[in-house]
Amino acid sequence: MTLGLINANPVVHAKKERVVRTEDSHTDDAVDPLEIYDFVRDIRDPEHPYSLEQLSVLSEESITVDEKLGRILITFTPTIQHCSMVTVIGLCLREKLKDHFPPHFKVDIKVAPGSHANEESVNKQLNDKERVSAALENPHLRQLVDECLYSSEL
Amino acid sequence: MNFADEKFELIEIQRLEGHTDRVWSVAWKPGSGGNGVPALLASCSGDKTFSSFDAATAIWENVGDDFECISTLEGHENEVKSVSWNASGSLLATCGRDKSVWIWEVLSHNEFDCFSVLQGHTPDVKMVHWHPFMDILFSFSYDNTIKFKIFKAEDGDSDDWHCVQTLGESNSGHTSTVWALSFNANGDKMVSCSDDLTVKIWGADIARMQSADGNAPWTHLCTLFGYHDRTIFSVHCSREGIIASGAADDAMCLFVESEDGLVDEPFYKLLLKKEKAHDMDVNAVQWCSAENTLLASASDDGTVKIWQLTSSSGNEKLSL
């Protein structure tokens, strides 16, 4: 892995104010993009002690839901064009959202168009369920992902 | 079967539950399922096991002898992704997440012995499939290509695998990951499916193939597009030439060759689309070779389903 930080000076944004939501989201099958956003905004960036929201990797506009077709698209923006942690961020999103939706929903995770030098290759990997599964079986990657997901809960 | 005039349906006749994770692949043992021979079905799963289901009994359970087999077949380091029997049922190929392809020899009493392990010959092999009657192994991959290999047993201990041809974008091949491949009964047509949302049909000269020990080129014949809107994970041709496909849109489609095409170009049309065949992605579809109208499917929902193809004329089973 690389020695120095890829992006040593990321731009950090203030956290958006949170809207308190009621707890009855489990009773209905409707999938609310803002509820999904709430669930992923605090995932920690693999490199910096900030959340994906604070680094503007994710925003409310990142999540689009098509209830009728049962499709969810999550678009994230790596902080720089050659970010080598981009697949790790994608894996974090996959793992965090695993089992989160009714089973018929299909989840696509992509980098925002034009935001990464290897956009096509990254998108292909993140949307190949076999590759994702294989990646999460890699102990090193697994550890990275777990750190990003669980450090925010400390 | 009269495909033009009759209306067809796929009816679910059995659901097998037993795997604890998504079921990736399912395969009928050749020669089983008809003429009084009980059908034998193998399935493999993310739960890292390989199960044999005996279709003759009403309860689907692991055959007792196979506990021994399962311990042998746990040779793969992680998920067993794909299984394929060769034509005679004497060899079984499995392909795992660890990128290796294992060839198993079937001994008597349904015991399996590991015959050969092929390491890393193609990056990220998605699936392996044998030619219907020649021992040619086809593999296809995340790199969007299809490769064929011929096995040559050398004198002594060394086994040599040669890659004979690679079908890629320049041959009108797929533009994204190839997930599956299947042959027609004659062995001169091949169907492939991909993340690029298409099903492609390929052809080869069978006489040339037989005289050259399998070494004959394949050419693109036809592309089917617009029937699935998400990754197509599996295709399989029945003995009567019905192509079944299974995809991440939870649906299955059946295609047949149509008379409406031009003289030299084969043309395929949709026979039926089964929406919501499973609750989640359909990962595999396979026709039973001895019983033409039986189709098995496997899904991320952890189940294997058996379907019966019926016609509107009211016959429960279509005669061959």
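These numbers were taken from a predicted model, which means no experiment stands behind them.

A few words now on the overall build of chain B. Within chain B, the secondary structure is distributed over 2 helices and 23 strands. Long-range pairs, those at least 24 residues apart, make up 49% of the contacts in chain B between residues at least 6 apart in sequence. Of the accessible surface of chain B, which amounts to about 13,200 Å², a share of 45% is contributed by carbon and sulfur atoms.

Residue and element names in this part refer to chain A. Examined against the element boundaries, Glu53 turns out to sit in the loop between α1 (33-40) and β1 (63-66). A relative accessible area of 5% places Glu53 in the buried class. As a C-alpha pair, Glu53 and Val132 span 79 residues in sequence and 23 Å in three-dimensional space. Among the polar contacts made by the side chain of Glu53, one reaches the side chain of Arg41 at a distance of 2.9 Å.

Here we take up the sheet that holds strand β17 (residues 232-237) of chain B. Residues and elements named next belong to chain B. Strand order in the open sheet made by the 4 strands is β17-β18-β19-β20, with antiparallel pairing throughout. Two strands lie at the open edges of the sheet, namely β17 and β20 (267-274), each paired on one side alone. If you compare each strand with its neighbour and ignore which way they point, the axes differ by 25° on average. As paired elements, β17 and strand β18 (residues 243-247) share 5 bridges and run antiparallel to each other. Looking at β18, one finds that Val235 is bridged to Ser245.

Moving on, we come to the pairing of strand β14 (residues 189-194) of chain B. Residue and element names in this part refer to chain B. With respect to burial, β14 is a largely interior element, 5 of its 6 residues being buried. Strand direction decides the pairing type here: strand β13 (residues 178-183) and β14, joined by 5 bridges, are antiparallel. Paired with Leu181 across the strands is Ser192, a residue of β14. Taking the residues between adjacent antiparallel strands as the criterion, β13 and β14 are bridged by 5 residues, where Gly187 takes a positive phi near 75°. The loop that links β14 with its antiparallel partner strand β15 (residues 198-204) comprises 3 residues; one of these, Leu197, has a positive phi angle of about 70°.

It is worth spelling out the side chain of Arg41 of chain A at this point. Position of Arg41 of chain A relative to the elements: it lies in the loop between α1 and β1. The buried category is assigned to Arg41 of chain A, whose relative accessible area is 2%.

The subject of this paragraph is the UniProt feature "domain: MIP18 family-like" (unreviewed entry) in chain A. Feature annotation in UniProt places "domain: MIP18 family-like" (unreviewed entry) on residues 35-111 of chain A, given in this structure's numbering. In residues 35-111 of chain A, helix accounts for 23% and strand for 21%; the two terminal C-alpha atoms are 20 Å from one another.

Let us look at the nonpolar core. Taken as a class, soluble globular proteins show a tendency for nonpolar side chains to be buried jointly. Ranked by size, the top nonpolar core spans 36 residues in total, and within it Ile43, Leu58, Ile72, Ile74, Phe76, Leu93 and Phe101 of chain A carry the most contacts. For this core, the elements supplying multiple residues, two or more each, are α1, β2 (71-76), α2 (86-97), β3 (106-111), α3 (119-126), α4 (129-137) and α5 (139-150) of chain A. Here this core gets 7 residues from one element, more than from any other, and that element is α2 of chain A. Beyond its immediate stretch of four places on either side in the chain, Phe76 of chain A contacts Val57, Leu58, Val86, Ile89, Gly90, Leu93, Ile109, Lys110, Val111, Ala112, Ser115 and Leu126 of chain A. In this structure, Met127, Phe138, Ala180 and Cys237 of chain B belong to the second largest nonpolar core, which totals 33 residues.

Conventions adopted
Residues numbered from 1 in each chain as written. Chains lettered and ligands numbered in written order. Predicted model: local features only at pLDDT ≥ 70, side-chain atom pairs only at ≥ 80, totals over all residues. Heavy atoms only, no water. Helix = DSSP H or I, 4+ residues; strand = E, 2+ residues; numbered from the N terminus. Contact = heavy atoms within 4.5 Å. Areas by Shrake-Rupley, 256 points an atom, 1.4 Å probe, with all protein chains shown as cover. Buried < 20%, exposed > 50% of the residue type's maximum accessible area, 1.4 Å probe, protein only. Polar contact = N/O pair within 3.5 Å; in protein donor to acceptor, adjacent residues only side chain to side chain. Pairing = 2+ DSSP bridges. Axes fitted to C-alpha atoms, helices over the stretch in contact; angles between N-to-C directions. UniProt positions renumbered as here; feature names shortened; annotations may be inferred. Core = buried A, V, L, I, M, F, W, Y, C linked by side-chain atoms within 4.5 Å.

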